[in-house]
Amino acid sequence: MDKRNISVRPAKTTDFAEVKQVLADTFESTWRPEITEAAAARYLTSDVGGRYVDQNGVAFWVAEVDGQVAGMVHWSGDFIEALHVAGAYQRLGLGKLLLARAEQEIGKAGLPKVRLETDTFNQQSQAFYRAMGYVETARYPDEEWDSGLTTVLFEKPLAKG
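Residues numbered from 1 in each chain as written. Predicted model: local features only at pLDDT ≥ 70, side-chain atom pairs only at ≥ 80, totals over all residues. Heavy atoms only, no water.

**Examining the pairing of strand S5 (residues 113-119)**
Note: strand S4 (residues 79-85) against S5, two bridges, orientation parallel. Considered in S5, the bridge of Ile80 is made with Leu116. For the crossover from S4 across helix H4 (residues 94-108) to S5, the handedness is right-handed. With seven bridges joining them, S5 and strand S7 (residues 149-157) adopt antiparallel strand pairing. Bridging from a neighbouring strand, Val114 pairs with Lys156 of S7. (Pairing = 2+ DSSP bridges. Helix = DSSP H or I, 4+ residues; strand = E, 2+ residues; numbered from the N terminus. Right-handed = clockwise from strand over helix to strand, strands pointing away.)

This is the structure in structure tokens:
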């Protein structure tokens, strides 16, 4: 049994550097192998991940493992904008904890469902979302990366009450 101290809490500005490292880790392991070199260069030189954290980080929730930020979730309305867990901390249940927190908060806001996106190449995330009760509702071109990818939209109704 894993004896690590795991917690999920609202992000603080002092977490931003660690959150940026989580995003850098997931970019390198998940996205970079799937996108063009030009798209990767654009992402890195324009610091998309860093700017995203700087602009939205106070709305994030983070997962900590033994005091180290290991994952994050961010939502707006009923849409989960980002859910990332650093590779070294995957398979500890952090994604489930972060997703459950987002669903809880979205439900508290009175919204009837949760929506999120992933890409067709990301079989791991698709399997995770399906296991968490999400259903695919649409597919469309992923124009963010300009790399010929296809986005998958998932939705999950929230329990009323």
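**Notes on the packing of helix H1 (residues 16-31) against helix H3 (residues 48-56)**
Two elements in contact, H1 and H3, have axes separated by 9 Å at closest approach and are oriented at 140°. When the axis of H1 is compared with that of H3, the two are oblique. Once H1 is placed against H3, the crossing between them reads as right-handed. For the pair formed by H1 and H3, the contact residues are Phe16, Val19, Lys20 and Leu23 on the first element and Gly49, Gly50, Tyr52, Val53 and Asp54 on the second. Here the contact of H1 with H3 is built from residues that sort into five nonpolar, two polar and two charged. (Axes fitted to C-alpha atoms, helices over the stretch in contact; angles between N-to-C directions. Parallel < 35°, antiparallel > 145°, perpendicular 65-115°, else oblique. Left-handed = near helix turned anticlockwise from the far one by under 90°. Contact = heavy atoms within 4.5 Å. Nonpolar A, V, L, I, M, F, W, Y, C, P; charged D, E, K, R; others polar.)

**Looking at unusual backbone geometry**
Of note in this structure, Arg91 is not a glycine but carries a positive phi near 75°. Structurally, the position occupied by Arg91 is in the loop between S4 and H4. A relative accessible area of 75% places Arg91 in the exposed class. Within the chain, Asp146 stands out as a residue other than glycine whose phi angle is a positive 50°. For Asp146, the position within the fold is in the loop between strand S6 (135-142) and S7. (Buried < 20%, exposed > 50% of the residue type's maximum accessible area, 1.4 Å probe, protein only.)

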